[in-house]
Amino acid sequence: MTAFMPVTLRFCDNRTMLVGSVADAATALGHQWPDKTAPGYVEAARLVGLAVDGTCTQRIAFDAFIKVAGQQGILVAKPRSRAHDWLDAAAGP
């Protein structure tokens, strides 16, 4: 089971990876990204490293990771399932 809702990344070499935990994110950071010198990437890598060490919350690190993946265009968007719509409706406005 993953710690977070898994996301799919498509790296520059066209490989894909399902990422659902900080440990997965740490592995994914080692793959081919469009710009590993970008400030967002550097910050996400720092936060993921701190989360692995236990000195940063995993949620903050994972959110930074997802944000930079989106900024660099490697986050694969998937349509929401009907289950998400049901859960949103059950949660109310």
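Everything here concerns the structure above.
Definitions and limits used
Here the residue numbers are simple positions, counted from 1 along each chain's written sequence. The model is predicted, so local features are restricted to residues of pLDDT at least 70 and side-chain atom pairs to those at 80 or more, both for listing and for counting; the totals for chains, interfaces and linings are taken over all residues. Only heavy atoms go into the side-chain values, all of them from the structure, while hydrogens and water stay out. Helix and strand assignments follow DSSP, with helices taken as H or I runs no shorter than four residues and strands as E runs no shorter than two, numbered in order from the N terminus. We call a residue buried when its accessible area falls under 20% of the maximum for its residue type, exposed when it is over 50%, and partly exposed in between, using a 1.4 Å probe and counting protein chains only. Any pair of residues with heavy atoms lying within 4.5 Å of one another is described as a contacting pair. Each accessible area is a Shrake-Rupley result for a 1.4 Å probe, and residues are judged covered by the shown protein chains and nothing else. Counting rule applied: Lys, Arg positive; Asp, Glu negative; His and chain ends not counted. Note on charges: their place is set at NZ of Lys, CZ of Arg, CG of Asp or CD of Glu. Buried Ala, Val, Leu, Ile, Met, Phe, Trp, Tyr and Cys residues form a nonpolar core when they are joined through side-chain atoms within 4.5 Å.

S.K.: If you had to explain the overall build of the protein chain to someone new, which residues and values would you point to?
M.R.: Scanning the protein chain for helices and strands turns up four helices and three strands. Reading the protein chain from its N terminus to its C terminus gives the helix and strand order β-β-α-α-α-β-α. With the principal axes as the frame, the protein chain shows a C-alpha extent of 40 × 35 × 25 Å. Residues classed as buried in the protein chain amount to 32% of the 93 residues present. A sequence separation of at least 24 residues applies to 43% of the contacts in the protein chain between residues at least 6 apart. Carbon and sulfur atoms form 59% of the exposed surface of the protein chain, whose accessible area is close to 6,000 Å². With 9 positive and 8 negative side-chain charges, the protein chain shows a separation of 5 Å between the mean positions of the two kinds.

S.K.: Lay out the environment of Gly20 with the relevant residues and their values.
M.R.: Secondary-structure assignment places Gly20 in the loop between β2 (16-19) and α1 (22-28). Judged by its relative accessible area of 1%, Gly20 falls in the buried class. Separated by 38 residues in sequence, Gly20 and Gln58 place their C-alpha atoms 11 Å apart.

S.K.: Please provide a residue-by-residue account of the nonpolar core, values included.
M.R.: Core analysis: the largest hydrophobic core is formed by 26 residues, its most contacted members being Leu9, Phe11, Val19, Ala28, Trp33, Val48 and Phe65. Among the elements of the structure, β1 (7-10), β2, α1, α2 (39-53) and α3 (58-71) are those that each provide at least two residues to this core. The leading source of residues in this core is α3, at seven residues. With near-sequence residues (within four places) excluded, Phe11 lies in contact with Met17, Ala28, His31, Gln32, Trp33 and Ile74.

Spatial relationships are all this shows, so hold off on functional conclusions.
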